[in-house]
Amino acid sequence: MSPEPNSDAALVKRVQQGDRKAFDLLVLKYQHKIQKLIMRYVRDPSEALDVAQDAFLKAYRAMPRFRGDSAFYTWMYRIAINTAKNHLVAAKRRPVDFEIDTQDNEPFDASHLLSDGDTPEGLVLSEEINQTVQQAIADLPPDLRTAIVLREMEGMSYEEIAQTMECPVGTVRSRIFRAREAIDRKIGPLLD
Amino acid sequence: MNEQVASQVSAFIDGELSEAESELLVRRLASDQASHDAARRYLLIGHALRGDLAPGPGLADRVARALEAEAAPEAAEQAGGAPAGDSRWWRPVAGTGVAAAVALAAVLGLQGGGAGDGVTADAEATAASYTVAPVTRESAAADADDMFTRGVMPPPVRLTNYLMSHGEYAGSLGRKSIQSGIVGTSAAQAISGRFELTLPPAAAGDDADGEASADDAAPRAE
């Protein structure tokens, strides 16, 4: 198991002190992982979204009892699975048991399944954001593009990226930030 | 939000700030909406890049609305059961007042003769009528944090900025590279054709051989 990221630990601590905005960032960070996980149990997209919401709400309520013995995501993962199983039991459906462990990183593209109950506006906006981000990445200077792709898509640490790109860690941090800023400027108008 | 803070937010969502820096930044995120929004957008960019962006209202928004709805009756209940405003604001003042009364009585007691005894006795009676909870390290930290959150105590912005700027150079605040997870080979293969990456020759060769995507058990924290 990887150690708890400092960012997660700090956010958890703030949530335990009553800061709901800190929980917002934890949800944002892990929402897709949790949704994909739940869709392995609950196949219906809108049902899965409800179960995911329920799982996060349960986690929020249980946060005062979270001692940090495990990483936040590991804890959240268990809550999500239990919530999904309970949902199926309540709906009198047999839970389908998948052998999934917490290290599971197998890509599982469920995003297309989540479109059923969505509005056309929502579909258009997410597609526009996707396209804008892809174009913005393509327009980046090579060094910035490489740094952000290695981070976001390969999940490399700054240190690993520094080794790969043969530059200091501080340079990696700066390149990733500048890449995000450049992309942010492009998607900003879509989010306003 | 200045560029320095934005850069810290960027490193924060990657889990690349030290523990001390992270704690300082999350305090800032609670009160600085621009920083919080930047964190949200940076996370969104990551989701879009990985093709995770689902259409429609985001789960985070749904959860936030549900929590708000849950909190509203609780807040109303608290408002109904207690006087308006935060009743704890006077505690430090009251504590100071009791301490001042005791100190004054002690001084007068030392200076005066027979009258001093009376004053001291009165002061002791006054002091005894108050019950001041012992201040522990935890309660002091919680109070300070509470005051910080409510804006009673202005955040030490300059100190925070200084610590954050110099954190990576200080031993006790030394940065820790936590996120070392690498996505599986299949994910690496999936993106290989999408973007042209510029790498130093040797490293590019390693990457092409797929060694950078070797089996790594560490979970990826996005």
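Let me sum up the structure you'll find in this document.

How each quantity is defined
Position labels on residues start from 1 in each chain and follow its written sequence. Ligands are numbered from 1 and chains lettered from A, in the order in which they are written. Only residues with pLDDT of 70 or above have their local features reported here, since the model is predicted, and side-chain atom pairs are shown and tallied only from 80 upward, although totals for entire chains, interfaces and linings are computed over all residues. As a convention, hydrogens and water are excluded, and side-chain values are obtained from all of the structure's heavy atoms. Only rings of Phe, Tyr and Trp enter the pairing, Trp through its six-membered ring, and a pair is recorded when the two centres are within 6.5 Å. The plane angle decides the type: under 30 degrees is stacked, over 60 is edge-to-face, the rest tilted. Throughout, exposure labels follow a simple rule: accessible area from a 1.4 Å probe, protein chains only, divided by the maximum for the residue type, with under 20% read as buried, over 50% as exposed, and the rest as partly exposed. Starting at the N terminus, helices and strands are each numbered in turn, a helix being any DSSP run of H or I of at least four residues and a strand any DSSP run of E of at least two. Here, expected helix span is obtained from the residue count minus one, scaled by 1.5 Å. To get the bend at a residue, fit one axis to the 7 residues ending there and another to the 7 starting there, then take the angle between the axes. Counting of polar contacts relies on pairs of N or O atoms within 3.5 Å, with two restrictions inside protein: one atom must be capable of donating a hydrogen and the other of accepting it, and residues adjacent in sequence are counted only when both atoms are side-chain atoms. Nonpolar core, defined: a set of buried Ala, Val, Leu, Ile, Met, Phe, Trp, Tyr and Cys residues in which side-chain atoms within 4.5 Å join the residues together. Residue ranges for the domains trace back to a domain assignment, done automatically or taken from a database. Whether two residues are in contact is decided by their heavy atoms, any of which lying within 4.5 Å being enough. Just to be clear on terms, a salt bridge is a Lys or Arg side-chain nitrogen sitting within 4 Å of an Asp or Glu carboxyl oxygen.

Further remarks concern the packing of aromatic side chains. The way to describe two aromatic rings as a pair is by their centre distance and the angle between their planes. All names here are of chain A. Scanning all chains against the criterion turns up eight aromatic pairs over all chains. Ring centres of Phe-66 and Phe-72 lie 6.4 Å apart, and the angle between their planes is 80 degrees; on these two criteria the pair is classed as edge-to-face. Residue Phe-66 is classed as buried on the basis of its relative accessible area of 6%. With centroids separated by 6.1 Å and ring planes inclined at 65 degrees, the aromatic side chains of Tyr-73 and Tyr-77 adopt a geometry described as edge-to-face. Pair noted here: Tyr-73 and Tyr-77 are both in helix H4 (residues 72–90), with a separation of four residues, about one helical turn.

All names here are of chain A. Across its 19 residues, helix H2 (residues 20–38) extends only 23 Å between first and last C-alpha, which sits more than 12% below the 27 Å expected from 1.5 Å per residue. Along H2, the helix axis deviates most sharply at Tyr-30, where the bend reaches about 55 degrees. The N-capping residue of H2, defined by a side-chain oxygen 3.0 Å from the backbone nitrogen of Lys-21, is Asp-19.

Attention now moves to the nonpolar core. Residue and element names in this part refer to chain A. One finds Phe-23, Leu-26, Ile-34, Ile-38, Phe-56, Met-63 and Ile-137 to be the most contacted residues of the largest nonpolar core, which totals 89 residues. There are two domains that each give this core at least three residues, and those are domain 1 (8–91) and domain 2 (106–191). Ignoring sequence-local partners within four residues, the contact set of Met-63 consists of Val-12, Val-15, Gln-16, Phe-23, Leu-26, Phe-72 and Trp-75.

The next thing to look at is the pattern of salt bridges. Scanning all chains against the criterion turns up 19 salt bridges over all chains. Among the ionic pairs, B:Asp14 bridges to A:Arg151, the shortest N-O distance being 3.0 Å. Taken together, the residues B:Asp14 in the loop between helix H1 (3–13) and helix H2 (19–31) and A:Arg151 in helix H6 (residues 142–152) connect one chain to another.

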